[in-house]
Amino acid sequence: MKRMFTSIAVAGAVAGGLAVSFSADAARAAGPTDQDIQKDAETPGDVLTYGMGLQGQRHSTLKTINTETIKKMVPVWAFSFGGEKQRGQESQPLVHDGVIYVTGSYSRLFALDARTGEKKWQYDARLPEGIMPCCDVVNRGAAILGDKVYFGTLDARLVALNKDTGKVVWNKKVADYQAGYSMTAAPIIVNGKIITGNSGGEFGVVGAVEARDAETGELVWTRPTVEGNMGTLNGKESTMTGTKNASWTGDLWQTGGGATWLGGTYDAETNSIFFGTGNPAPWNSHLRPGDNLYTSSTLAINPDNGEIKWHFQTTPHDGWDFDGVNEFISFDLKKDGKVIKAGAKADRNGYFFVIDRTNGKLQSATPFVTQTSWATGFDLKTGRPIYNDANRPPNPMDGGGAAAGQGKPIFAAPSFLGGKNWMPMAYSPDTDLFYVPANEWGMDIWNEAITYKKGAAYLGAGFTIKPLFDDYIGALRAIDPKTGKIVWEYKNPAPLWGGVLTTAGNLVFTGTPEGYLKAFDAKTGAEVWKFNTGSGIVGSPITWEMDGEQYVSIVSGWGGAVPLWGGEVAKKVKDINQGGMLWVFKLPKA
Ligand code: CA
Ligand code: CA
C-alpha cells in the first residue's frame, strides 16, 4: 500500500502511560458513562453507539423532521476525508457534546465540530505493508466511553484515543494481520468492557469475540467461535467452545473461519451480547463434513465471562459463503396478545429470522428475497433448514471434475454477497416494522481443491455474481416480523450497500450507490426527499438534536465489496466515482 502518514504517536510506546496518570473515575467523568451508553436510544441529544442504541434498532424518537417538514431539509456543511485514495466509506458517525467522531477508509478517525464541520483532530493509523482486508479498506465506526474514543484497524489492532486531543492512550494487537486477520467493525462497550470481533474468514482464521478493559485495554475474556478452540478469562483458560470434533473432522477446527467481522449488539434485559459468525473455511463444503459449529450462526454471549448462552445456526454446513454475521436486533414481538422478547436477523442466506432472545428458539424464518435456491424453508421444530440438496455446489472430486480440478458450476441465489450483506437494517417501535436493505442477485459457483496456507486465500471455490432482474438489484423492504410479509418495497437500480435509519417522524433513511441520501414514508414507502452527495453512499445515517434543532448526517464514498467481487454487477456500477465526505443536514431556521 502506498500512503503518506502523518507522524502521530506510535502506540506501543505510550500504551498504559496515560491510563495510570488518571483515575478511572476522573476519566469517566470527562465523557459518556456506561449508563449514558446503555440509554443511548432514549437520548436524542447524542449518538454514543454504533446502532443508535446497543440493541441496534437504529430508531430515533425525534420528529421535528417528518414526512411533511423534510421537503425543506438542506445541507448545513460537508467535510472531506481527503487523502490520495478514497475507497469505501462504510462508517456510522457518533455525536457527543457538539463533536462528531467518524471513521474513514484506511483506518482513519476524525473529530469534527458538529456545528461547523471544522476539524478538531485526525488520527491516521500507521498500516503496515501486507494487510489483507478481503473486501475493501473500510471501517464501520468508533465507540466512546469517558475520555476515550476507540476503533479497530485493518492490521487487527484496537486503538484508544483521547477524545479531545486524538492522542493515543493505548493500542493493542488483537490478532496477527499476516495470518489474514483484520478489523473493520465498530466496537461496542458494555459495562466498562470494550467488545470486538475479528475479520478474515476468507483466510482460514479462527473467529473470536473478545472483551477488554476499556480503561487499560487489557484482555478480560476471549471466546473463539469454532468448536474445539479454548476460551480465556482473566489470563487463564476458561472453557472450550463446544466439543472438539463434534461437528468438525480432524484438525480443521484450527482454521475453521467463523469470523465475527460485523461486530455485535447488546440487550440489557437478558444481559446478552449477540454476535454473528461468518462462513466456515474453506468455502468448499465437501472438504469439511458436519455442521461446522459455530460458523454461520448467531451467538448469545454472557458479557461478564464470555460464555455462550445459546446459538442459532442459520446455515449449517454453509457451502455458499452465506456467512451469518448479520446484526441481531432485539425487539418486543407483539403476537397473539403476547409480548415475546425477540430478536431479528436478515441473513445473507435470504431468510428473515425471528428468534426468542431468551433461549435461541426459532419463531419464524421467511424469505425476504425472491429466490433462495439452497433451501425450501426452515423446520420450526428443529430450527434447521430444509435443504435443496441438488443446489449445493458439487464436489470437484465427483465424476469428471477431479481431472480438471474444478467442480461443476451451479447457479445459486442469493449470491454470496447476500440477500443482505453487512449494511444494517432498522426497526421502528412506532410501525413495528423492520426496514431491510436487500439485494436481488445470484451467482455461478463451483468448488475447487484447496489446502490451508497461512496468509493465503482459503476458498476452494470460484464464482461470478449476476443480477436477477434488468431493472433493479437493490430493494429496501419493510418487513412485518409477526408474519414475515413484505409491507412495502423501494427498488433501486444499483445494489444497496448502506445502512438504514428510522425515526418517530415516520421516516426511513438510506443511501444509494447512485449518490442519493433518500427518505421514505415509514408506513407507505413513498419517497419523500432525496439529495445527491456526489459519490455512492455505503455508510449508515444518523440523527440527533443540538441547540433545539434536529440534524441528519451520512457518510458518502463509494466502495466496499461490490466493485471488488461483484462480477457482472461490478461492471454495471463501474462508472460510480469514489469519494469520502461527511454530510450534515437540517431544516432552515423558521
Ligand atoms: Ca443518545
Ligand atoms: Ca465470508
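Conventions and cut-offs
- Residues numbered from 1 in each chain as written.
- Chains lettered and ligands numbered in written order.
- Predicted model: local features only at pLDDT ≥ 70, side-chain atom pairs only at ≥ 80, totals over all residues.
- Heavy atoms only, no water.
- UniProt positions renumbered as here; feature names shortened; annotations may be inferred.
- Helix = DSSP H or I, 4+ residues; strand = E, 2+ residues; numbered from the N terminus.
- Contact = heavy atoms within 4.5 Å.
- Buried < 20%, exposed > 50% of the residue type's maximum accessible area, 1.4 Å probe, protein only.
- Pairing = 2+ DSSP bridges.
- Axes fitted to C-alpha atoms, helices over the stretch in contact; angles between N-to-C directions.
- Donors = N, O, S within 2.8 Å, 3.2 Å for Na, K, Ca; no water.
- Disulfide = S-S within 2.5 Å.
- Salt bridge = Lys/Arg side-chain N within 4 Å of Asp/Glu carboxyl O.

Draft legend 1. Examining the UniProt feature "domain: Pyrrolo-quinoline quinone repeat" (unreviewed entry) in the protein chain more closely. With numbering matched to this structure, UniProt assigns "domain: Pyrrolo-quinoline quinone repeat" (unreviewed entry) to residues 49–361 and 492–552. Across residues 49–361, helical content stands at 0% and strand content at 38%; the span's end C-alpha atoms are separated by 27 Å. Taken end to end, residues 492–552 comprises 0% helix and 51% strand; its first and last C-alpha atoms sit 22 Å apart.

Draft legend 2. Spotlight on the UniProt feature "binding site: Ca(2+)" (unreviewed entry) in the protein chain. According to UniProt, the "binding site: Ca(2+)" (unreviewed entry) feature falls on Glu202, Asn279 and Asp321. Considering the C-alpha atoms alone, the annotated residues occupy 120 residues of sequence yet fold into one spot, their largest mutual distance being 9.2 Å. Here glutamate 202 shows up in the loop between strand E12 (193–196) and strand E13 (208–213). When sequence neighbours within four positions are dropped, the list of residues in contact with glutamate 202 reads Cys134, Asn279, Trp283, Asp321, Ala456, Ala457, Tyr458 and Leu459. By secondary structure assignment, the location of aspartate 321 is in the loop between strand E20 (308–313) and strand E21 (329–335). When its relative accessible area of 3% is taken as the criterion, aspartate 321 is described as buried. Aspartate 321 has contacts with Glu202, Asn279, Trp283, Arg348 and Phe416, leaving out every residue within four places of it along the chain.

Draft legend 3. Quick peek at the pairing of E21. Strand direction decides the pairing type here: E21 and strand E22 (residues 338–346), joined by seven bridges, are antiparallel. Paired with phenylalanine 331 across the bridge in E22 is alanine 342.

Draft legend 4. Seen up close, the sheet that holds strand E15 (residues 230–233). With respect to topology, six strands assemble into an open sheet ordered E11-E12-E13-E14-E15-E16, the strand pairing being antiparallel. In this open sheet, the two strands that pair with only one neighbour each are strand E11 (188–190) and strand E16 (236–240). In this sheet, neighbouring strand axes are inclined to one another by 25° on average, regardless of whether the strands run parallel or antiparallel. Looking at chain direction, E12 and E13 are connected through four bridges and run antiparallel. Counted as the bridge partner of threonine 196 is glutamate 210 from E13.

Draft legend 5. Local environment of the coordination of the calcium ion (ligand 1). The protein atoms that coordinate the calcium ion (ligand 1) are Asp40 (O), Asp40 (OD), Thr43 (O), Thr43 (OG1), Asp46 (O) and Asp46 (OD), at distances of 2.2 to 2.5 Å. For the calcium ion (ligand 1), the single-chain donor residues occur in sequence as D-x2-T-x2-D.

Draft legend 6. Structural detail: the sheet that holds strand E8 (residues 148–152). Reading across from one edge, E7-E8-E9-E10 is the order of the four strands in this open sheet, with antiparallel pairing throughout. Of all strands in the sheet, those with a lone pairing partner are strand E7 (143–145) and strand E10 (168–173), marking the two edges. On average, each strand axis in the sheet is inclined to that of its neighbour by 20°, with strand direction left out of account. Here E7 runs beside E8; their pairing, made up of three bridges, is antiparallel. Bridge pairing in E8 links alanine 143 to tyrosine 150.

Draft legend 7. Quick peek at the state of the cysteines. Summed over all chains, the structure comprises one disulfide. Through a disulfide, cysteine 134 is tied to cysteine 135; the S-S separation comes to 2.2 Å. Between cysteine 134 and cysteine 135 the sulfur-sulfur dihedral comes to about -100°; the bridge is accordingly left-handed.

Draft legend 8. Spatial organisation of the pattern of salt bridges. Summed over all chains, the structure comprises 29 salt bridges. Here lysine 454 and aspartate 176 are joined by a salt bridge, their closest N and O atoms 3.0 Å apart. With lysine 454 in the loop between strand E30 (441–447) and strand E31 (461–467) and aspartate 176 in the loop between E10 and E11, this residue pair connects regions lying 278 residues apart in the sequence. Between aspartate 267 and arginine 357 there is a salt bridge, and its shortest N-O distance comes to 2.8 Å. One end of the pair, aspartate 267, is in strand E17 (residues 264–267); the other, arginine 357, is in the loop between strand E23 (351–356) and strand E24 (362–367), and 90 residues separate them in sequence. One exposure class covers both aspartate 267 and arginine 357, and it is buried. Where salt bridges share partners, they join Asp267, Glu269, Lys341 and Arg357 into one cluster.

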